[in-house]
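Architecture and fold: a report
Read off the chains here:
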Amino acid sequence: MTSPSRSQHFLRTGFSLVFSLCLLMACSAAAAASPDSAAIRQGYEYYQIGDLKAPTPGRTEAALMLMGGGKWPHKAFAWFAARGGHGHFVILRASGEDDMQKEFYTEVGGVASVQTLVFHRREAASDPKVLDIVRHADGIFIAGGDQANYVNFWKGTPLNVALNQHVEHGKPIGGTSAGLAILGAHAYGAMDGGSITSKEAMRDPLGKGMTLVGDFMHLPNMQRVVTDTHFHKRDRLGRLIAFVANLRHAGHADVVGLGVDQDAALCVDGNGIGRLFTIDNGFAWLVQPKGSPERIEAGKPLDYRGTRVTGVGTQSRIDLKDFKVSQPVFDAIADVHDGELTLRGEHAPLLVIHGGAGVERASMTPQIEAGARAALELALRKGYAELKSGKTATDAVAAAITVLEDDPLFNAGKGAVFTHDGKNELDASIMDGSTLAAGAVAGVHRVRNPILLARAVMERSPHVMMVGDGAETFATEQGFKLVDPSYFRTDRRWQELQKALKDDAAGVSLTERLMALKHFGTVGALARDSQGRLAAGTSTGGMTDKRYGRVGDSPIVGAGTYANAACAVSGTGWGEFYIRVSAAREICLRMAMLDESAQQAGQAVINDEIPQMGGDGGAIILGADGSVSMPFNTEGMYRGWIGADGVPHVAIYSGDPLALPAPVR
């Protein structure tokens with residue numbers, strides 16, 4: 001038996017050992033997180049992670065990563081890492097510690113090492129160790145913070161020379177927020193200790209707050225550029241226009257502006273071709289004035305009309321050699337008059353709608369036909385009013401579809417058909433072609449306007465589709481007032497269900513009835529706004545007598561609804577077939593990849609491919625150039641459009657005359 005004294009000695013010894021190990025671990029952790037003490041004495045802090053002695057796995061390439069601040073799009077950093085040969089990267093900053101290098105090395109990954117230099121004095125930019133680290137970097141990334149520190153600490157120093165030489169040697173460089181601000185040939189230095197707002201800059205574009213710096217960074221394809229960051233979130237279009245006005249007034253006649261949204265990165269390869277990565281539907285903004293300002297005087301507000309603003313999205317490509325943008329996601333003209341900014345589009349607004357294929361003359365009455373035409377015209381006017389007031393294509397689509405959902409004539413919203421169980425189940429989807437953002441709901445029972453809930457899913461949630469009770473819970477959280485299910489009950493739809501139930505009892509199979517059924521109903525809308533943005537939406541009550549929680553194509557993005565920068569589509573028909581061929585997206589792909597017209601692509605998918613499989617239906621198609629097609633293979637399809645003349649043009653049957661708008665900008 002161990003004596004008490006020996007037991008106590010054992011406990012004391014064990015405790016001391018554990019305490020010593022814990023102390024050693026704590027000291028090791030502190031050392032890992034602490035900067036090199038010698039570096040601190042030289043005016044900077046140094047951190048590193050990874051194997052500094054490992055060979056660089058690949059070859060380095062010339063590249064730029066222009067990031068607008070905020071969260072890192074990791075795919076952009078993976079692109080950046082590859083341009084640095086997955087080798088050794090250096091982060092430069094003037095505040096903070098080693099958090100960025102940890103994210104780069106552990107979360108993005110794919111690099112041999114990351115070193116961080118945090119500058120506190122100008123002398124550090126001449127330190128031999130600092131210069132050696134920078135000269136051996138495979139890639140350099142400049143963090144956010146205060147760009148005035150970068151100007152004060154680096155401009156005109158050996159480090160400034162080393163950074164420009166790094167780029168000359170064909171290695172990648174990038175920056176975010178303040179780090180991006182200094183990468184243009186001209187930089188907003190914020191040298192007065194503040195951050196000028198758009199209103200302040202336009203009110204006095206030659207004022208003391210306009211601290212623009214030149215002869216700092218000399219990067220390929222950026223010789224004519226002044227940048228700005230956190231662009232849309234902080235409303236910086238006005239100040240970037242003021243920067244450009246100031247520089248052009250100073251003799252830089254060809255300077256342009258390039259803004260990047262928060263949580264977005266424009267990645268530019270060695271040929272000057274840039275592509276955008278984003279995690280929050282952001283853009284890059286190309287700002288190209290025409291000539292010099294009409295008025296730019298000290299102490300007086302700016303007058304500068306006719307600046308072209310072009311949106312670069314994930315679908316776009318920008319060539320920084322000539323500033324041409326392929327597939328721009330929007331295009332507008334900015335006018336500054338007396339220090340106030342207005343934006344206007346140059347595209348003719350256009351709205352196209354359908355109220356469903358499957359219309360048969362035998363089932364129509366003069367009253368139904370007149371009601372349908374009136375409803376189509378009202379929907380067109382409501383949606384077009386949104387466009388004429390300067391609102392977006394998405395606003396117009398939602399407004400037009402809401403009108404049709406509120407009319408019991410159409411199989412959507414108020415006029416939804418009944419399921420086998422005597423319920424109404426509603427589906428809808430909407431898509432913004434400029435961002436590829438989308439929202440959808442399926443199987444909702446108490447939402448008066450499902451298209452509005454689909455839009456809320458798109459804009460107020462991280463999801464694309466919500467279903468059933470969950471979607472309705474989300475609706476109440478977002479302030480939607482749910483209606484009693486009896487709101488959707490109409491005698492006409494109830495009688496259609498009773499007939500279907502009799503067919504059930506008579507032994508007519510569901511498949512046989514579907515083969516004979518003309519898919520009457522479903523509503524949809526497409527729009528192009530004055531800035532050239534496209535949007536699409538579709539809403540439906542589904543199929544009479546449907547069972548088993550069936551969902552068709554209407555709420556499925558790519559099948560019943562699709563929009564991108566070049567094309568928008570809304571379908572109506574036998575949904576199972578539209579889903580199987582991804583009908584809406586296939587039409588857009590044919591237009592983009594095969595250079596087919598809207599008419600050709602619609603014919604191939606709606607009137608050839610789907611009928612060959614046993615399906616039927618129709619669609620409306622809108623191209624970015626304003627081309628319109630309305631293919632269908634049933635006796636009729638409620639359809640219409642409204643454009644520059646402001647007059648609704650509608651048709652119902654296949655033989656009805658309906659001249660379509662000519663493609664225009």
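Up top is the structure these notes are about.
Presented here is an overview of the structure given in this document. (Residues numbered from 1 in each chain as written. Predicted model: local features only at pLDDT ≥ 70, side-chain atom pairs only at ≥ 80, totals over all residues. Heavy atoms only, no water.)

With that settled, consider the state of the cysteines. Applying the stated criterion to the full structure yields one disulfide. Put simply, Cys-567 and Cys-588 are joined by a disulfide, and their sulfur atoms are 2.3 Å apart. Across the disulfide from Cys-567 to Cys-588, rotation about the S-S bond amounts to roughly -75°, and the bridge is consequently left-handed. A residue pair is termed long-range when its members are at least 10 positions apart, and Cys-567 in strand β26 (residues 567–573) and Cys-588 in helix α18 (residues 583–593) qualify at 21 residues. (Disulfide = S-S within 2.5 Å. Helix = DSSP H or I, 4+ residues; strand = E, 2+ residues; numbered from the N terminus.)

With that settled, the discussion passes to the pairing of strand β30 (residues 649–653). With four of its five residues buried, β30 lies for the most part within the structure. In terms of strand pairing, strand β29 (residues 636–642) meets β30 through four bridges, oriented antiparallel. Across the sheet, Gly-640 pairs through a bridge with Val-650, a residue of β30. Between β29 and β30, which pair antiparallel one after the other, the connecting turn spans six residues, and Gly-646 there sits at a positive phi close to 70°. (Buried < 20%, exposed > 50% of the residue type's maximum accessible area, 1.4 Å probe, protein only. Pairing = 2+ DSSP bridges.)

This part covers the sheet that holds strand β28 (residues 628–629). In spatial order, the strands read β25-β26-β27-β28; together these four strands make up an open sheet with antiparallel pairing. Since the sheet does not close on itself, it has two edges, and those belong to β25 (561–563) and β28, each with one partner. Lying over the sheet, α18 contacts β25, β26 and β27 (617–623), oriented at roughly 145° with respect to β26. In this fold helix α19 (residues 598–613) packs onto β27 and β28, with an angle of close to 155° to the strand it touches most, β27. (Contact = heavy atoms within 4.5 Å. Axes fitted to C-alpha atoms, helices over the stretch in contact; angles between N-to-C directions.)

Our next topic: the nonpolar core. Membership of the largest hydrophobic core comes to 71 residues, with the highest contact counts inside it found for Phe-104, Leu-117 and Trp-154. Not counting residues within four places of it along the chain, the set of residues in contact with Trp-154 comprises Leu-92, Phe-119, Arg-122, Ala-125, Ile-142, Asn-149, Leu-159, Asn-160, Leu-163, Ile-182 and Phe-216. If you look at the next biggest cluster of nonpolar residues, it comprises 52 residues, including Ile-353, Ala-396, Ala-400 and Ile-652. (Core = buried A, V, L, I, M, F, W, Y, C linked by side-chain atoms within 4.5 Å.)

With that settled, the discussion passes to the pattern of salt bridges. As enumerated under the stated definition, the model contains 29 salt bridges in all. One salt bridge in this structure joins Arg-446 and Glu-472, with 3.0 Å as the shortest N-O distance. Residue Arg-446 is located in the loop between β21 (437–444) and α13 (450–460), and its partner Glu-472 is located in helix α14 (residues 468–477); the two are separated by 26 residues in the primary sequence. A residue is classified by how much of its surface remains accessible, and Arg-446, at 34% relative accessible area, is partly exposed. In this structure, Glu-586 and Arg-590 form a salt bridge, with 3.7 Å as the shortest nitrogen-oxygen distance. (Salt bridge = Lys/Arg side-chain N within 4 Å of Asp/Glu carboxyl O.)

So, on to the packing of aromatic side chains. A full pass over the atoms with the stated rule returns 19 aromatic pairs. Judged by centre distance (6.3 Å) and plane angle (85°), the ring pair of Trp-72 and Phe-104 falls under edge-to-face. Of this pair, Trp-72 sits in the loop between β2 (64–67) and α3 (74–83) while Phe-104 sits in helix α4 (residues 99–108), and the two are 32 residues apart along the sequence. In this pair, the class of Trp-72 matches that of Phe-104, namely buried. An angle of 80° between the planes, with centres 5.0 Å apart, marks the rings of Tyr-487 and Phe-488 as edge-to-face. Phe-488 carries the same exposure label as Tyr-487, and that label is buried. The ring of Tyr-653 carries the charged tip of Arg-361 above its face, separated from the ring centre by 3.8 Å. (Phe/Tyr/Trp six-rings, centres within 6.5 Å; stacked < 30°, edge-to-face > 60°. Lys NZ or Arg CZ within 6 Å of the ring centre and 35° of its normal.)

These figures come from the coordinates and say nothing about function on their own.
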